[in-house]
Each structure stands twice: as structure tokens, then as C-alpha cells.
Amino acid sequence: MWDTNRGGSAMETTAGTGARTVRAYRGNQLHARGWPQEAALRMLMNNLDPDVAERPDELIVYGGRGRAARSWQAFDAIVATLRDLADDETLLVQSGKPVAVFPTTPEAPRVLIANSLLVPYWATLDEFNRLEAEGLTMFGQMTAGSWIYIGSQGIIQGTFETLAAIARKHYGESLKGRLFVSAGLGGMGGAQPLATKMLDGVGLFAEVDPERIERRRRLGYLDEVAGGVEEGVRRALAARDAGEAVSIAVPCHANDLLAYLVAHDVVPDVASDQTSAHDPLWGYIPDGLDVTAAADLRRRDPDEYLRRAGDSMARHVGFLLRLQDAGSHVFEYGNNLRRRAKDSGEADAFRIQGYVPAYIRDLFAQGKGPFRWVALSGEAADIHRTDRLILEMFPDNALLRRWITLAQRHIPFQGLPARIGYLGFGERDAFALRVNDLVRRGELAAPVVFGRDHHDTGSVASPYRETEAMRDGSDAIADWPILNALLNVASGAHWVSVHHGGGVGIGYSLHAGMVVVADGSPATDARLVRVLRGDSGIGVVRHADAGYELAEATLRAHPVRTPLIGPQTQPRRTP
Ligand code: NAD
């Protein structure tokens, strides 16, 4: 069994005057009554590590106002509860506030989380803002409120795979000699520069907040900062012509950069956007305003702010459409920019394609998605050991091999060392079993957690993103993420969450998350297999039910009992 007293050190939460610095404990000593509770404690703290969270002072992890806990008081209460939570108790967290502990069983989850949920008729941004202002709820985004955010690394493989799919479709294997233009260098958007560089391309990014630019450069995700739009465009075109791989940020509004490109007939090869358009009040800055002026207007006149943000997004999409018509490959990268723009008068917004139907759905149909694992020891060597294991276990998975090799070379760790790997159905549990064995044998310095983004194969209903343009038209059916969460509870995941509004904003999505801990114990073997099979398997079933042949083929390779699925099983009713 695991020796909980072997070496290691931990960093305490330090309280100052208002602001504080939180970093997760490291090492193999427990500060709770078991590794599942300790894992939840460390991952909550890790979400707020200043190297991980975008605005930790406000408990904001990423995605506009995606928070880890409702308030510092709630954070302290969660920490205190996790420390003495027994192995047969379950903590309930209601939108970032720890509301109750009930006796359950050792096999049950230790934490159950519901974030930002509203009854559908009331699920509007206005109502959410009102309730949040009353202190009754919080926005959990996806992994912020469910304590499995791993910094920009959490999205970088998705960005890499999306750009790689575009490259494969149009240019061959890489983006060498190609220009990618986008905006937003926040928690997720900050992965864009590094992903472009990993594919040997040139990336040019507008970011309105100079502090975010500096943060990306400090964390090793960005190469250069231009003095202005003209300088940035000149540098990018020169790099493109020279076949140089480089990422360049311009401190400006997205519309300033795009307007310049349109006016000077500069047509990027690929264009997108990663501003927090899903949250027009807190996430997207209207053109003509800098960060300070935007904060002032938001406070003084939120309605006027929303009007200006909407107009700005309509212009934003208008520019992207002009670039698309001039030959750029343009896609929306999951921030709901098209819907916002359409609502503000850009009638053609949906001529821009969404990235999931265009590039990612085939992965989902095979149960592949942003699976991830984190070394609770805090030691990079533990992740390097799991990298070697991946390469050894999946010699034929070219995509995964390329990814792991590049990730080792390019990706700096943020907070607790972690890795993301798009493993599919059948692969996740096989890998986790072997990792549990490494923990058991003491080859890793402490247990490892396995989890994933909610942006996964069966865990989200989001008609402008993960479930856009489903083959059977089932885009808005939200039974699947709820079944996914229920199955994870039944299978014994260590914490399970159900959220609303992640990625695309309030009213537009429902989604679920899970985390399971490999503590090295033999009993955990069966739990890992149960949880990880069901968790990715349900996504394959969801896609097979919608008629995707790749999902049907995946189920033939990894059989699941499916009494009645497939488009031919849906009885049609005429009104
Ligand atoms: P974030 O809030 O951390 O960062 C957004 C950044 O955009 C900030 O740095 C902000 O200063 C900048 N910004 C805002 N308005 C701008 C403007 N008009 N011009 C230039 N810069 C502007 O958010 P994030 O975590 O980086 O996520 C960005 C968006 O991507 C969100 O809408 C999120 O839901 C979505 N997202 C997509 C995926 C995916 O897989 N495609 C995954 C996660 C998040």
C-alpha cells in the first residue's frame, strides 16, 4: 500500500490582507483522511495557483468569470471540510458553496458538485447576473468549478489537433509558411500561440489586456510582442515568407487588427477567435475601450456595456466573414461569437463554421477527448514516467505519439505537473490501470488523478459547439451529459460535477465532469476501469445513436450492450 509518510513537502495556503496566495500541497503526506479527499483538496488549491488561475484574487480560474469557489469564506469551508471528510461521507457543493455532508459509502464519490444550474425558462444571462449579484450562485465554466483545470495545457492539445486538422485538409502536415490570426490570450486562448508554433506556423494574436500578453510570455506560451498593429502584421508576413515558426501578440482590440487586415488586403491562411464572447458583460471588451474604460462602463452602465459589446461582436464577425470571402479558412472556436453577432445584427454569422463538426467530431465518435492526468506529488518526473508509459503502450497511435513527443519538448508545466492526452474508448482505462500499478510499486512519488474537460465526447450538450449539427438533429438534447454524470456517480468517480453555460455561456450548454484518483490500491483497479470505460463509452454510444459510423465501428471493437440505439430506432411523430 501507499506509504503516506515518505518524503515530500507541502505549501500552505497563506492568508494576507484580502488577497492571498494558494498553491497545492506537494509530496506524499496526507492533509486529509484519504487520497481521494486529499486529491480534491490539492486540485482545488491548484486551480487557484497564481501560475494556473487567470485572476486568483477573485477566485477566477479562466473563461471570463469561471470560479473555483463562490467566495473566500466558501473556499475556506471547502478546505476545512475536505480535511476531515471521512471515507464514507460525501460533500455537496452548490455553485461553489459547501452546503452539506451526508453519510454514503466508501465506493461513492467524496464530492458532488452542481454549478450555475437554472431552470431552463429562467436560464438567461440577465437572470444569472441578478442571482450572482445576490450571492446565490457562481459561474463554474467547465473545469474551474470542478477542480480539474490544468492551465493552458488543458486546451493546447485540442487547439493543436484543430489546427493540425486544418493543415492536413488544406496544406499537408504542418502550418509552415502559413499565417493564423486570432484574438484573446486568456487561460484557454493563451494556448493558441504555442499550438501554432508547434505546427511550424506563424501566429498573430490581438489581445486587449497587456497583462495577459505578459503572462503568456512569462509562462513560455508566446514569443514576441509587437509595438502596434502595423508592426505586428509586417513582422508576421515576413516570418510567413521566410517559413519561420513564431508567435506574435499585438496589444489591441480584435477589431483593430482585423480592420487593418481587411483594409490592406492581407488574407491570413486561417482565422478564428478566443475572446470570452460567451460572456458579453465580463468576458468580451467592446471595441473603442481599453480594459480600464471597459471596467468603468461595466460598473456604471451594464446595459450600455452589453449594447456596445453586441455591436462590437457584430463588426468582429463581419470582418471575419470578409476574410473568409477573400480566402481565409475561418472557424468559430467554441466561444459563441457567431450567436452574439447574429443577435446584434450580423445576419450571416453562421456562414462561419464551428470547429467541432468541421474538425473534432470524428475524435468524439471514437471516445477521444481532452483526457488528462495530474501528478499529486508535484514532481515533473512522475509525468515524464507516464509519458514513457504512453509511448510504450500505444505504439500504433500516431496522433498520440506525435503529441506526447511535442508536448515534452514545448509545454511548460503550470502548477502541479499534468499532461493532456486525447485517449479514446478502451485506451483510458488500460492506461489508468498501468499508472495505478506504477503508484503501487512506488515508481511514482504519489498518487495521480485522472479527469477531463467537460468538453468531451458524451459529457456536454451544446448546440453551438460540441453538439453542433449532429447528424440526427439531436443538438439540443441534454439527456446525455446528465446520464454521463449519473453513470460516473454509480461507477464511483471520486468527484462528479454537473454545470450549465460553460464554453458558450448561460442558456447555451449543459455539461458534466468527473475525476478519479489512482492511489495505488488494488481496490482502485476495478474502480478506474468502471469509471473510465463508462465515461468515454457513453460518448461513443451517444454518437452511434446519432448515426456516426465511426462510433458504430468503435463499439464493434469495444463491445457495449446497447439494447436500442441508432437513428432507425427513433419513432417519428407527426404533429
Ligand atoms: P479568458 O476570459 O481567460 O480570456 C479571454 C481573453 O480575451 C482575455 O485575455 C481578454 O482580455 C481578451 N479579450 C476580451 N475581449 C477582447 C477583444 N475584443 N479583443 C481582444 N482581446 C479581448 O477566457 P479563456 O479561458 O481564454 O476562453 C476564451 C473563450 O474560449 C471562452 O469563450 C471560452 O468559453 C472558449 N473556450 C473554448 C474552448 C475550446 O475548446 N474551443 C475551450 C475552453 C474555452
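Residues numbered from 1 in each chain as written. Predicted model: local features only at pLDDT ≥ 70, side-chain atom pairs only at ≥ 80, totals over all residues. Heavy atoms only, no water.

## Some details on the site of the ligand
To keep it simple, the criterion reads: A cutoff of 4 Å decides nearness: a residue is near a molecule or strand if any of its heavy atoms lies inside that distance of it. For this analysis, a polar contact is any N or O atom pair within 3.5 Å, provided that within protein one partner can donate a hydrogen and the other can accept it, and provided that sequence-adjacent residues contribute only side-chain to side-chain pairs. Per-residue and other accessible areas follow the Shrake-Rupley method at a 1.4 Å probe size, with only the shown protein chains counted as cover for residues. Here the nonpolar group is Ala, Val, Leu, Ile, Met, Phe, Trp, Tyr, Cys and Pro; Asp, Glu, Lys and Arg are the charged ones; every other residue, Gly included, is treated as polar. Domain ranges listed in this record stem from an automatic or a database domain assignment.
Inspection of the region around the ligand gives 35 residues, with G64, E207, Q274, H278 and G503 positioned closest. Between the ligand and the protein, one listed contact pairs an oxygen atom with a backbone N or O atom of G64 at 2.7 Å. Contact between the ligand and G503: an oxygen atom at 2.6 Å from a main-chain N or O atom of the residue. About the coverage of the ligand: the protein hides 97% of its 860 Å² of free accessible area. Grouping the amino acids of the shell around the ligand by side-chain chemistry returns 13 nonpolar, 17 polar and five charged. Composition of the shell around the ligand by domain shows at least three residues from each of domain 1 (52-151 + 373-575) and domain 2 (174-351).

## Here we look at the pattern of salt bridges
What counts is decided by this rule: Any Lys or Arg side-chain nitrogen found within 4 Å of a carboxyl oxygen on Asp or Glu counts as a salt bridge. Helix and strand definitions here come from DSSP, where helices need a minimum of 4 consecutive H or I residues and strands a minimum of 2 consecutive E residues; each element is numbered from the N-terminal end. For each residue, the accessible area found with a 1.4 Å probe, counting protein chains only, is set against the maximum for its type, and the residue is called buried under 20%, exposed over 50%, and partly exposed in between.
Per the counting criterion, the structure on display carries 44 salt bridges. Measuring nitrogen to oxygen at the nearest pair gives 3.0 Å for the salt bridge that ties E54 to R216. Here E54, found in the loop between α1 (35-47) and β3 (60-62), pairs with R216, found in helix α6 (residues 210-218); they are 162 residues apart in sequence, far enough to count as distant. Per residue, the accessibility class of E54 equals that of R216, and both read buried. Residue D343 pairs with R339 through a salt bridge whose shortest N-O separation is 2.7 Å. Here D343 and its partner R339 are both found in helix α11 (residues 337-343), four residues apart, which amounts to about one turn of the helix. When salt bridges that share partners are traced, they join R385, D437, R440, R441, E443 and D525 into one network.

## Overview of the packing of helix α13 (residues 380-393) against helix α15 (residues 427-440)
For clarity, the threshold we go by: Axes here mean lines fitted to C-alpha atoms, for a helix over just the part in contact, with angles spanning 0 to 180 degrees between N-to-C directions. Just so you know how the angles are binned, under 35 degrees is roughly parallel, over 145 roughly antiparallel, 65 to 115 roughly perpendicular, and the rest oblique. With the far helix as reference, a near helix turned anticlockwise by less than a right angle produces a left-handed crossing, and one turned clockwise produces a right-handed crossing. The contact criterion used is simple: two residues touch if any of their non-hydrogen atoms lie within 4.5 Å.
It is the contact of α13 with α15, at a shortest axis distance of 11 Å, that shows an interaxial angle of 135°. It follows that α13 is oblique to α15 by the angle criterion. In this structure, the crossing between α13 and α15 has a hand that is right-handed. Mapping the contact onto sequence places R385, T386, L389, I390, E392 and M393 in α13 and A430, F431, R434, V435 and L438 in α15. Classifying every residue of the contact of α13 with α15 by side-chain character gives seven nonpolar, one polar and three charged.

## Quick word on helix α18 (residues 549-557)
Note the cut-off: Throughout, the arc means the angular range of directions from the helix axis out to the C-beta atoms.
All of the buried residues along α18 are A551, T554 and L555. Projected onto a plane normal to the axis of α18, the buried residues spread over an arc of 100° and lie on a single side. Across α18 from its buried face, at more than 90 degrees, point the exposed residues E549, R556 and A557. Among the structural elements, α12 (355-365) and α17 (522-545) are those in contact with the buried residues of α18.

## A closer look at the domain arrangement of the protein
What counts here: Defined here as a combined quantity, buried area equals the accessible surface (1.4 Å probe) lost by two parts on assembly, summed across both.
Assigned domains of the protein: these are domain 1 (52-151 + 373-575) and domain 2 (174-351). Here domain 1 and domain 2 have C-alpha centroids that lie 28 Å from each other. Counting residues at the interface gives 29 residues for domain 1 and 28 residues for domain 2. Summing the contributions of domain 1 and of domain 2, the shared interface buries around 2300 Å²; its carbon and sulfur component is 52%. Linking domain 1 with domain 2 are five salt bridges. Between D279 and R65 there is a salt bridge, and its shortest N-O distance comes to 2.6 Å. Counting the contacts that link domain 1 with domain 2 gives 14 residue pairs in polar contact (both at pLDDT 80 or more). Looking at the side of domain 1 that touches domain 2, the elements with two or more residues in it are α3 (125-133) and α14 (398-410). Top contributing element to the side of domain 1 that touches domain 2 by residue count: α14, with five residues.

## With respect to empty space enclosed by the protein
For clarity, the cut-off: For cavity detection a 1 Å grid was placed over the protein atoms alone, and a set of points counts as a cavity when a 1.4 Å probe fits there but cannot get out; an open set counts as a pocket when protein lies on both sides within 12 Å along at least five of seven lines, with lining residues being those that have an atom within 4 Å of a point. Grid points are joined across faces, edges and corners, and a volume is the space filled by probe spheres set on the points.
Inspection of the entire model under this criterion finds five cavities of 30 Å³ or more. Empty space within the largest cavity amounts to approximately 50 Å³. Along its surface, the largest cavity is lined by S272, D273, L320, V330, F331, E332, Y333, N335, L337, R338 and I352. Elements that contribute at least two residues to the lining of the largest cavity include exactly β13 (329-332) and α11. Per-element tally for the lining of the largest cavity: the top contributor is β13, with three residues. In terms of residue class, the lining of the largest cavity is made up of six nonpolar, two polar and three charged.

## Regarding the pairing of strand β5 (residues 89-94)
For clarity, the cut-off: Any two strands with at least two DSSP-identified bridges between them are counted as paired.
Judged from the six bridges that link them, β5 and strand β6 (residues 97-103) form a sheet pairing that is antiparallel. Counted as the bridge partner of E89 is P103 from β6. In this structure, the hairpin formed by β5 and β6 is closed by a connection of two residues, where S95 is found at a positive phi of approximately 40°. Pairing geometry for β5 and strand β7 (residues 111-115), over four bridges, is parallel. When the sheet's bridge partners are listed, L92 is paired in β7 with L112.

## Regarding the sheet that holds strand β12 (residues 270-271)
The pairing of strands in a sheet comes from backbone hydrogen bonds and takes either a parallel or an antiparallel form. Taking strand neighbours across the sheet as the criterion, the seven strands line up as β10-β11-β9-β8-β12-β13-β14 in an open arrangement whose pairing is parallel. Looking at which strands have only one partner, the edges of the open sheet turn out to be β10 (224-225) and β14 (353-354). Along the sheet, α6 contacts β9 (202-207), β10 and β11 (246-251); its crossing angle with β11, the most-contacted strand, is approximately 160°. Running over the sheet, helix α8 (residues 254-263) touches β8 (179-183) and β9 and is turned about 145° from β8.

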